[in-house]
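Residue-level structural notes
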Amino acid sequence: MNRSPGRPVADVLADLASWRAADPPTHGGRILSYVYDPGRPDLDDVAAEAVRMFLPVNGLDPTTFTSVAELESRIVAFARDVLHGDDGTVGSVTSGGTESCMLAVKSARDLWRAAHGATERPTLVLPTTAHPAFHKAAHYLDLDVLAVPVAPRTGVPAAADVLARVDDRTALVVVSAPSYPFGVIDPVREVAAGVERAGVPVHVDACIGGWVLPWWGGLDDRPWDLAVPGVTSISADLHKFGFAPKGASVVLYRSREQHRAQYFATTAWPGYPVVNPTMLGSRGVGAMAAAWAVLQVLGTSGLAELVDATRRATATLVATVEGIAGLRVVGDPTGPLVAIAADGSTDPVDPFLLIDEVRRRGFLLQAQPAMQQSDGSVLTRTAHLTITPVTERVLDELVATLVDAATAVRGLPPAAPDPSLAASVLSDGLPDDLAVVMATLEALPAEMVRPLLVEVLAATVDPAREGRSGR
Ligand SMILES: *Cc1c(COP(=O)(O)O)cnc(C)c1O
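Residues numbered from 1 in each chain as written. Predicted model: local features only at pLDDT ≥ 70, side-chain atom pairs only at ≥ 80, totals over all residues. Heavy atoms only, no water.

So, the nonpolar core
How we decide: For the purposes of this section, nonpolar cores are sets of buried Ala, Val, Leu, Ile, Met, Phe, Trp, Tyr and Cys residues that join through side-chain atoms within 4.5 Å. Only protein chains enter the accessibility calculation, which uses a 1.4 Å probe. A residue is then buried if its area is under 20% of the maximum for its type, exposed if over 50%, and partly exposed in between. Going along the chain from the N terminus, every DSSP run of H or I of four or more residues is numbered as a helix, and every run of E of two or more is numbered as a strand. Contacts are assigned to residue pairs that have any heavy atoms within 4.5 Å of one another.
Membership of the largest hydrophobic core comes to 68 residues, with the highest contact counts inside it found for Val 173, Trp 211, Trp 224 and Leu 238. In terms of residue count, the dominant contributor to this core is helix α9 (residues 286-323) (13 residues). Beyond its immediate stretch of four places on either side in the chain, Trp 211 contacts Phe 78, Ala 79, Val 82, Ala 236, Asp 237, Leu 238, Phe 241, Gly 242, Val 250, Leu 295, Leu 303 and Val 307. Core analysis: the second largest hydrophobic core is formed by 32 residues, Val 321, Val 349, Ala 383 and Ile 387 among them.

Here's the deal with the pairing of strand β1 (residues 90-94)
The element β1 is extensively covered by neighbouring structure, given that five of its five residues are classed as buried. On β1, burial covers both faces: Val 90, Ser 92 and Thr 94 on one face and Gly 91 and Val 93 on the other are all buried.

Some words on the side chain of Asn 276
Within the secondary structure, Asn 276 sits in strand β9 (residues 274-276). In this view, Asn 276 contacts Leu 60, Tyr 263, Phe 264 and Gly 281; residues no more than four positions away in its chain are not counted.

Some details on the site of the ligand
Selection rule: The near set for a molecule or strand comprises every residue that places at least one heavy atom within 4 Å of it. Counting of polar contacts relies on pairs of N or O atoms within 3.5 Å, with two restrictions inside protein: one atom must be capable of donating a hydrogen and the other of accepting it, and residues adjacent in sequence are counted only when both atoms are side-chain atoms. In these tables, accessible area is a Shrake-Rupley quantity obtained with a 1.4 Å probe, and a residue counts as shielded only by the protein chains included in the view. When residues are sorted by character, Ala, Val, Leu, Ile, Met, Phe, Trp, Tyr, Cys and Pro go into the nonpolar class, Asp, Glu, Lys and Arg into the charged class, and all the rest, Gly among them, into the polar class.
Looking at the ligand, the residues that line it are Gly 96, Gly 97, Thr 98, His 131, Tyr 180, Asp 205, Cys 207, Ile 208, Asp 237, His 239 and Lys 240. In the environment of the ligand, an oxygen atom lies 2.5 Å from a nitrogen or oxygen atom belonging to the side chain of Thr 98. The side chain of Lys 240 places a nitrogen or oxygen atom 2.9 Å from an oxygen atom of the ligand. When the ligand is considered free in solution it has 380 Å² of accessible area, and contact with the protein chains removes 85% of it. Per-class residue counts for the shell around the ligand are three nonpolar, five polar and three charged.

So yeah, pure geometry; function would need other evidence.
Below you can see the structure in the form of structure tokens.
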């Protein structure tokens, strides 16, 4: 291979800046998913400073880098206070919600195998609205998923339906607080009470709710965290409403035994004795350091203030959507996530067409395709909004945008599938307007959609595309 000369730093940074400039704006409340902007530049600064300080540290070994043990134990302690754990509660900081969920499943699977032997495949019982991280966990860790239908109107499963799927093979029951698609809280207390006697563990996926619901209010008679007897583990993402940079989440366990079952240790090589608490080997700790710093600067009162702003904006948006002819909010969301569906009127507003109109006006919503559940019922297509503290600052514009966009598409036929689209997306990439793409994905059988999704995403990083070079 030819040697290529190094480039001036300014040039290199200019490339990075130009690529970033093509992204949608990650600050300012215009993207209503993926990013969580507290609207506080001081928090960005302290996070950046913390990341820089910890850039070279390897979290692989907290006995060598004792700073990692300081950070991780303090974050776990903070989370355990907020999520009503007790002295027995322990856990880990992970790289994100997916890893937290997968580790909770790994721990439950290994304890299930220890109790039942490894002859059968254990199961994971979850509502259809549970995050795909659990399907991924089942896929990687060799469990069967038993998905329980939720009520299409409310987005919530009946506790009895969840309990009906629990038996000797159940390694773990998963409930969400709240679920990502519809922002509604599952019947945590009822499910946990139902399985506690059988000793079946229950994981509460509070990846998105864990740093919001504690200050949301109105939940005193609906506990959802470790305060509920029978809840045995919980996940809460620091890189969502903990306002840390991406790469930080916490998973907590009721008992030390569960936490230990998450670890992997081996001496079966001639190198150093390996002990990995999480999925990774070498572990960056920049996001962990930033998460701790942001939590310290905010304190629980700062977090509560940010939640107040988020709740006010959410209430306005829910009222706005309910006042728009042709639209409705799915269920009764608790927390900052809202799903918008077409209502049953003669002039409905198709959520996918709405999303494209809203995008033209400068805001990004997320399309959620319809899905048929195992009982034949259909969860309708929706537009998803994650509201953040900064949403309040663009609220008037967002409200007007939703109203105008709905007016533009009200009564139009819903976006329909286009069978020729698969080929054109593969050759030309995704179009700006996604309504037809989403309608096509919705209509194709899952066995066809999955490879197509993989191909579209893999093509974006294929160096052959558009002649990208390493230089
Ligand atoms: C975000 C999220 C996850 C997964 O988290 P990542 O950080 O994206 O890996 C899991 N569950 C819920 C409810 C979430 O919102």
